[in-house]
Amino acid sequence: ICEADFDMKDAEVVCRQLDCGFPAVLLRGAHFGEGQGLIRTEEIQCRGNETRIHDCPTSTREHQSCTHSNDISLVCTDYSGYRLVGGPDSCSGQVELQYRGENRTVCDQYWDLRDATVLCQQLGCGEAVAAPEQAWFGQGSGSRGVDVFDCRGNETYLSQCAVSSWGRAACSHGQDAGVICSSAENPSIPLHVGSTDLRGESHCDGQVEVHYNSTWGRLLQHSWGYREASVVCRQLGCVSVVQIYNSSVYETGDSALCRTGIQCSGDESHLVNCSSPQTVSCNTGQDAALLCSAQRSLRLVGAGGDCAGRLEVYHNGSWGTVCDDSWDLADSQVVCRQLQCGTALSPQMGTGPIWLDEVGCLGNESSLWECPSAGWGRHDCGHKEDVGVVCSEFKELRLAEGCSGQLEVFYNGTWGNVCWNSMSEDTVSVICQELNCGKSGRVVDSAPRRDSAPHRLDYFNCRPHDSTLWHCPSSAWNQNQCTDSEVALITCSADEKSVPQSFKSCSTASGQEICSNSWPLRLVGGGGHCSGRVEVYHNGSWGTVCDDSWDLQDAQVVCRQLGCGDTVGTVANTSFGPGNGTIWLDEVNCRGSELHLWDCWHLPLGQSDCRHKEDAGVTCTGEWEQLEVPGCSGLLSIQEY
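This structure is a prediction, so every number in the text was calculated from the model and none was measured.

What is the right way to look at the overall build of the protein chain in this model?
A tally of regular secondary structure across the protein chain gives six helices and 39 strands. Burial analysis of the protein chain (641 residues in total) assigns 54% to the buried set. With the model as given, the accessible surface of the protein chain reaches about 27,700 Å², and the carbon-plus-sulfur share is 46%.

Laid out in structure tokens, this is it:
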């Protein structure tokens, strides 16, 4: 559509037609790239209340000079209003967003200074000074929003930030987020509010200065610890602490005042939530300096999500692993807390240097860097001893039979059902694509295959513009109206002739960009889905796994991935009959602790010297469930027969 004379009323109709809420911003000049094909050049004259763009009247006037460089672009949002309430002016207060006509507050647990900065700029209130937590401006009375905003801080509108509707935890109005912008009448009036600055070569490195009661003051090193430093790095959008040191390498700064006495727990998003500073006279050489990492210095990789996988740390310009010597659940608990991934559920081989060994956390630390260790790069380990961690916020979807079957979601250590209420063709399309099972499919309702499995999600409905499952709206965890006959059962198809609208450009076809790193897995020929020949789906076809080097550790990973309990044993030499198609995997070498078969070392996909008489098989004990036992140590396993 040509950008000439296209206005917000036209945009309202487009957003309504796509079920994308309200128009946030019009972007001209082919902002998202030039289109192809015909250009609609007549002037569209929507009144704004039409259901479809084709219902709008048009003018006989045409813009013949339009080219694809004049394509109009549009950003829609479910939020139609943004404001700060309960403060002394319109540039400070509790965050209140209007979501489809309903006022909603924002949970402070997933709101930080970068989100606040975007909102302040959008409201014409300058930069964000603080993002007070715990209902600083009073508790709201409307609905509590479940959206998690993930702004970089340089967006023009909050609607341009990535948004996930998969809230990580339920919040009360006692956790309503607030914002104080620089254009507020007096951004330093609230008791604990302070701005922080690092005066160095970058905004993540330098001497610490705190703005309190309208004046800047340097921070004394003797009153400064790792937990306070963590808050400053987080407040500045600098991710994590690398080093605390004496600021004698810097000039003494402009202020003759110094601050002391600030105490934080380490979980705060801003110094506003820490104790009040005391103002004292300065002594040269005692000022604190801080080096923060400008990028994430801790991550979990290889499991398909941010909250599970092989543990890696960033040091001296490269990512490296952590050795599992002395590693236990307390160490994993600290990692999950630092990554804001909930609690640890369980304590995969890596590459690059091994940075840490003999880590000894107590479990109550806010960061892995607070725990004793052998020191950076000091170890006697190989990569077969790399640490893996699974946190309660790790989530994953699967189909029970690989590319068909009941839709199940893994969350908080257990597999649960997804119900089919309001599930559209677009939703099924996105699910099949992300599981690398084709571009389309169909869904019907069914009775649960496991009586003990909880109903986790309902009203799971992706919109055409959702490019990942975790952006699709749904009910909150365990809050549903699902009956025992409404579990979603999906059958995916590689047929792309009539694909529902989706922005995903990936495909399961050979030679095309794959949608994710996951491979659907199934067991065939054993009389049930927990026993049989191991088969992997890749490039649009099912294939087998060679039994060269296949052992109990490899079988254990297959049983775990399928939710089939422990392994009874490995089976080879076509005990379940020979397979057909490509032998996708050979020389698989798992440690036994991996979440998925693709996390294990193996030869490149399709590279094998085997024949189908060597297809690997597995027999598992059957369905099982992991339950966390409050107040006790360990996990309870329940066997279903």
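Where do I start with helix α6 (residues 552–561) in this structure?
Residue pairs spaced three or four apart in an α-helix point in one direction, given the helix's 3.6 residues per turn. Among the 10 residues in α6, seven count as buried, and that is most of the element. Where α6 is concerned, the buried positions are Asp554, Ala555, Gln556, Val557, Val558, Cys559 and Gln561. For α6, the N-terminal capping position is held by Asp551, with its side-chain oxygen 3.2 Å away from the main-chain nitrogen of Gln553.

Teacher, can you tell me more about the state of the cysteines here?
Chemically, a disulfide is nothing more than a covalent bond linking the sulfur atoms of two cysteines. Tallied over the entire structure, the rule returns 15 disulfides. In this model Cys15 forms its disulfide with Cys76; the gap between the sulfur atoms is 2.0 Å. One disulfide, between Cys15 and Cys76, carries an S-S torsion of -85° and so falls in the left-handed class. Placement of Cys15 in helix α1 (residues 8–17) and of Cys76 in strand β4 (residues 73–77) is noted, with a sequence separation of 61 residues between them. The buried category is assigned to Cys15, whose relative accessible area is 0%.

What exactly am I supposed to notice about helix α5 (residues 425–434) here?
Judged by how many residues are buried, α5 sits mostly within the fold: nine of 10 residues are covered. Among the residues of α5, Asp426, Thr427, Val428, Ser429, Val430, Ile431, Cys432, Gln433 and Glu434 are the ones counted as buried. The secondary structure elements touched by the buried residues of α5 are β27 (404–411), β29 (440–446) and β31 (487–493). Positive phi appears at Asn436, one or two residues downstream of α5, with a value of about 60°.

When you look at the environment of Pro23 in this model, what are you seeing that I'm missing?
With respect to the helices and strands, Pro23 occurs in strand β1 (residues 22–27). The buried category is assigned to Pro23, whose relative accessible area is 17%. Between the C-alpha atom of Pro23 and that of Tyr79, which follows or precedes it by 56 residues, the distance is 9.0 Å. Filtering out sequence-adjacent residues up to four positions away, Pro23 remains in contact with Met8, Ala11, Glu12, Cys15, Leu74, Val75 and Cys76.

Looking at this structure, I do not really get the nonpolar core. What am I missing?
Soluble globular proteins tend to bury their nonpolar side chains together. Counting 29 residues, the largest nonpolar core has Leu311, Val322, Trp327, Val335, Val359 and Leu368 as its most contacted members. Among the secondary structure elements, those contributing two or more residues to this core are β20 (298–302), β21 (308–315), α4 (329–338), β23 (344–346) and β25 (388–391). One finds Cys432, Leu469, Ile490 and Cys492 within the second-largest nonpolar core, a separate group that totals 26 residues.

In this structure, what is going on with unusual backbone geometry? I would like to understand it.
In terms of backbone geometry, most residues other than glycine have negative phi values and most peptide bonds are trans. Phi at Ser422 is positive, roughly 65°, even though this residue is not glycine. Mapped onto the secondary structure, Ser422 falls in the loop between β28 (414–418) and α5. A positive phi angle is found at Asn436, which is not glycine, with a value near 60°. Tracing the backbone through its elements, the reader meets Asn436 in the loop between α5 and β29.

How should the pairing of strand β6 (residues 92–99) be read in this particular structure?
Side-chain positions along a regular strand alternate between the two faces of the sheet. Judged by how many residues are buried, β6 sits mostly within the fold: seven of eight residues are covered. Relative to β6, strand β5 (residues 79–86) runs antiparallel, the two sharing seven bridges. Bridged to Gly81 within β6 is Gln98. What sits between β5 and β6 in their antiparallel hairpin is a turn of five residues. Pairing of β6 with strand β12 (residues 178–181) involves three bridges; the strand directions are antiparallel. Bridging across to β12, Gln94 finds its partner in Gly178. Sheet analysis places β6 next to strand β7 (residues 102–105), joined by four bridges and oriented antiparallel. Pairing of Gln98 across the sheet is with Asn103, part of β7.

Where do I start with the pattern of salt bridges in this structure?
Two side chains carrying opposite charge are able to pair once their charged atoms lie near each other. This model, assessed by the stated rule, comprises 11 salt bridges. The partner of Arg47 in a salt bridge is Glu50, with the nearest N and O atoms 3.7 Å apart. Since its relative accessible area comes to 55%, Arg47 is described here as exposed. Of the charged contacts in the structure, one is a salt bridge between Arg83 and Glu96, with a shortest N-O distance of 2.4 Å. With Arg83 in strand β5 and Glu96 in strand β6, this pair connects stretches of sequence that are 13 residues apart. Since its relative accessible area comes to 43%, Arg83 is described here as partly exposed. One salt-bridge network, in which partners are shared between bridges, spans Arg299, Arg310 and Glu312.

Is there a simple way to explain the packing of aromatic side chains in this structure?
Centre distance and the angle of the planes are the two values used to describe a pair of aromatic rings. By the definition in use, this model includes three aromatic pairs. A network of ring pairs unites the aromatic residues Phe394, Phe410 and Trp415 as a single cluster. Positioned over the ring face of Trp542 is Arg522, at 3.9 Å from the centre of the ring.

What's the story with the side chain of Asp615 in this structure? I'm lost.
Tracing the backbone shows Asp615 in the loop between β36 (583–585) and β37 (617–620). This buried residue, Asp615, is left without a salt bridge; Arg533 holds the nearest opposite charge, at 4.5 Å. Within the local environment of Asp615, its side chain forms a polar contact with the side chain of Thr544, the two groups lying 2.9 Å apart. Polar contacts involving the side chain of Asp615 include one to the side chain of His612, which spans 3.1 Å.

Is there a simple way to explain the side chain of His612 in this structure?
Relative to the elements of secondary structure, His612 occurs in the loop between β36 and β37. Side-chain polar atoms of His612 contact the side chain of Thr544, separated by 3.4 Å.

Even after reading the chapter, I still don't get the environment of Cys610, so can you show me in this structure?
Assignment of secondary structure puts Cys610 in the loop between β36 and β37. Overall, the relative accessible area of 12% leaves Cys610 in the buried class. In this structure the C-alpha to C-alpha distance between Cys610 and Leu585, which are 25 residues apart in sequence, comes to 9.7 Å. Once you skip the residues sitting within four places of it in the chain, Cys610 turns out to touch Cys546, Asp548, Ile583 and Asp586.

How do you make sense of the confidence of the model for the protein chain when you look at a structure like this?
Should pLDDT be low for a region, the predicted coordinates there are not to be read in detail. Across the protein chain, pLDDT averages 76, with 79% of residues at or above 70. Low pLDDT (under 50) marks residues 624–633, which in the prediction has 28 contacts with non-local residues, meaning those over four places away or in another chain.

What counts, and where the lines are drawn
Residues numbered from 1 in each chain as written. Predicted model: local features only at pLDDT ≥ 70, side-chain atom pairs only at ≥ 80, totals over all residues. Heavy atoms only, no water. Helix = DSSP H or I, 4+ residues; strand = E, 2+ residues; numbered from the N terminus. Buried < 20%, exposed > 50% of the residue type's maximum accessible area, 1.4 Å probe, protein only. Areas by Shrake-Rupley, 256 points an atom, 1.4 Å probe, with all protein chains shown as cover. Polar contact = N/O pair within 3.5 Å; in protein donor to acceptor, adjacent residues only side chain to side chain. Disulfide = S-S within 2.5 Å. Contact = heavy atoms within 4.5 Å. Core = buried A, V, L, I, M, F, W, Y, C linked by side-chain atoms within 4.5 Å. Pairing = 2+ DSSP bridges. Salt bridge = Lys/Arg side-chain N within 4 Å of Asp/Glu carboxyl O. Phe/Tyr/Trp six-rings, centres within 6.5 Å; stacked < 30°, edge-to-face > 60°. Lys NZ or Arg CZ within 6 Å of the ring centre and 35° of its normal. Lys, Arg positive; Asp, Glu negative; His and termini not counted. pLDDT = per-residue confidence, 0-100.

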